[in-house]
Amino acid sequence: MNIFLQLLINGLIAGAIYALVASGFSLIYSTNRFVHFAHGSVVVAAGYFLYLFFSILKVNFWFSIIIAILLSGLLGWAINKTVYEKLRKNKTGPAILLIASIGILILLESLILIFFGANVKTIGFIKIAKGMEILGAIITPLQIIIIVVSLLLLLGLIILMKRTKIGNALRAVSNSKDLVEILGISSKKLFAISFIIGSLIAGVAGILVSLEQNLEPFMGSTLMIKGFTGAVIGGITSVPGAILGSFLLGIVENFGIWYLPSGYKDAIAFMLLFIFLLFKPNGILGKKINWRKD
């Protein structure tokens, strides 16, 4: 077996998932300027939506995927509408919004635990298939799908942000809310749009994770930590940077366990997070963070 190539492939698979989590998170952060940790609960909720409709209600698999993604977008919009929008109206600062996001994360994960139980859940649509050998490394068809779907979606997100009116408006409000308001564009609507788009991407991430792994109620916290770390490495204010940082994180994690026990994978992520927070807080491609009070 080609260990180097195998670890590289494993790193790309992990990085693809982290990138989906980080890109949606980075989009919401750069637009709203606060850390939305509840984004992780939206990711895991998407997996459970798929489990509910496909495994329990026996809805067509592909239709269940569409429903799960749409419900994820709706969940993100509802979180913003019912909590963050009201807090912003009261001129709440980023620190309080951060605390609120952690509270929402814990609440949603607890609700999943209540309704679905603590036992791991399996979607079971895609049967375990024999991996294909590529230059001495093994990769399964599902893992290829994960990488391809992630890359296509991330490319689409970058095009959306760079080449469309909505993307230009979202980038504008991230730079100056007041300027956008002067131009007659509602910042409240742009905040809501960022939550919808970011949560739809989280929905795709949750579905891919649920097909590759078992579902657990509190797995969203771990995915959010990895997504946050990837975003910090690449630049939390830059969607392309968050994608780059996530792939780097996935690769470094997997090459790290070449020399260390696999249980140190999370420790490697935290070590990278601390290094970048201490020595390069703006990340690889990020701009200087300017906390503002709206």
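Here we summarise the structure given alongside this text. (Residues numbered from 1 in each chain as written. Predicted model: local features only at pLDDT ≥ 70, side-chain atom pairs only at ≥ 80, totals over all residues. Heavy atoms only, no water.)

### Description of the nonpolar core
No. 1: Among the nonpolar cores identified, the biggest contains 57 residues, and Leu50, Tyr84 and Ile123 are the most heavily contacted of them.
No. 2: Here the element with the most residues in this core is helix H8 (residues 187-212); it accounts for 12 residues.
No. 3: Once residues within four sequence positions are removed from consideration, Leu50 is found in contact with Ser55, Phe61, Ser64, Ile65, Ala68, Ile123, Ile207, Ser210 and Leu211.
No. 4: In this structure, Tyr18, Phe25, Val232 and Ala242 belong to the second largest nonpolar core, which totals 19 residues. (Core = buried A, V, L, I, M, F, W, Y, C linked by side-chain atoms within 4.5 Å. Buried < 20%, exposed > 50% of the residue type's maximum accessible area, 1.4 Å probe, protein only. Helix = DSSP H or I, 4+ residues; strand = E, 2+ residues; numbered from the N terminus. Contact = heavy atoms within 4.5 Å.)

### A look at the packing of helix H2 (residues 39-56) against H8
No. 1: In the contact formed by H2 and H8, the axes pass within 7 Å of each other and the chain directions differ by 55 degrees. Considering the angle they form, H2 stands oblique to H8. For H2 against H8, the interelement crossing comes out right-handed. On H8, the residues touching His39, Val42, Val43, Ala46, Gly47 and Leu50 of H2 are Gly198, Ser199, Ala202, Gly203, Ala205, Gly206, Ile207, Ser210 and Leu211.
No. 2: Class assignment of the residues belonging to the contact of H2 with H8 gives a composition of 8 nonpolar, 7 polar and no charged. (Axes fitted to C-alpha atoms, helices over the stretch in contact; angles between N-to-C directions. Parallel < 35°, antiparallel > 145°, perpendicular 65-115°, else oblique. Left-handed = near helix turned anticlockwise from the far one by under 90°. Nonpolar A, V, L, I, M, F, W, Y, C, P; charged D, E, K, R; others polar.)

### Focus: unusual backbone geometry
No. 1: Although it is not a glycine, Lys58 sits at a positive phi angle of roughly 60 degrees.
No. 2: Take Lys58: it is sitting in the loop between H2 and helix H3 (61-89).
No. 3: Located in the positive-phi region is Lys91, a residue other than glycine, with phi close to 60 degrees.
No. 4: The residue Lys91 is located in the loop between H3 and helix H4 (94-116) in this model.
No. 5: Note on Lys91: relative accessible area 61%, which makes it exposed.

### Remarks on a nonpolar patch on the surface
No. 1: A cluster of nonpolar residues, Ile225, Phe270, Met271, Phe274, Ile275, Leu277, Leu278 and Phe279, forms a patch on the protein surface that exposes about 820 Å² of accessible area.
No. 2: With 7 residues, the single largest contributor to the nonpolar patch is helix H11 (residues 265-279).
No. 3: With respect to the helices and strands, the residue Leu277 is situated in helix H11.
No. 4: The partly exposed category is assigned to Leu277, whose relative accessible area is 39%. (Patch = residues over 30% accessible without salt bridge, like charges linked within 9 Å, V, L, I, M, F, W, Y side chains within 5 Å. Areas by Shrake-Rupley, 256 points an atom, 1.4 Å probe, with all protein chains shown as cover. Salt bridge = Lys/Arg side-chain N within 4 Å of Asp/Glu carboxyl O.)

### Quick notes on the side chain of Glu109
No. 1: Residue position: Glu109 is located in helix H4.
No. 2: Once you skip the residues sitting within four places of it in the chain, Glu109 turns out to touch Pro217, Phe218, Met219, Gly220 and Ser221.

### Remarks on the packing of helix H1 (residues 3-32) against helix H9 (residues 219-234)
No. 1: It is the contact of H1 with H9, at a shortest axis distance of 8 Å, that shows an interaxial angle of 75 degrees. Relative to H9, the element H1 lies roughly perpendicular. Seen from H1, the contacting residues are Ile17, Tyr18, Val21, Ala22 and Phe25; seen from H9, they are Leu223, Met224, Lys226, Gly227, Phe228 and Ala231.
No. 2: Of the residues assigned to the contact of H1 with H9, the class counts are 9 nonpolar, 1 polar and 1 charged.

### Considerations on the environment of Glu133
No. 1: Relative to the helices and strands, Glu133 is located in strand E1 (residues 132-134).
No. 2: A relative accessible area of 61% means that Glu133 is categorised as exposed.
No. 3: Residues Glu133 and Gln6, spaced 127 residues apart in sequence, show a C-alpha to C-alpha distance of 9.9 Å.

### Some words on the pattern of salt bridges
No. 1: Counted under the stated rule, the structure contains 3 salt bridges.
No. 2: Between Lys226 and Glu253 there is a salt bridge, and its shortest N-O distance comes to 3.1 Å. Residue Lys226 is located in helix H9, and its partner Glu253 is located in helix H10 (residues 239-256); the two are separated by 27 residues in the primary sequence.
No. 3: Exposure remark for Lys226: the relative accessible area of 5% places this residue in the buried category.

### Observations regarding H10
No. 1: Here H10 spans 25 Å end to end across 18 residues, near enough to the 26 Å set by a 1.5 Å rise per residue.
No. 2: The element H10 is extensively covered by neighbouring structure, given that 13 of its 18 residues are classed as buried.
No. 3: Its side-chain oxygen placed 3.0 Å from the backbone nitrogen of Gly241, Ser238 serves as the N-cap of H10. (Expected span 1.5 Å × (residues − 1). Polar contact = N/O pair within 3.5 Å; in protein donor to acceptor, adjacent residues only side chain to side chain.)

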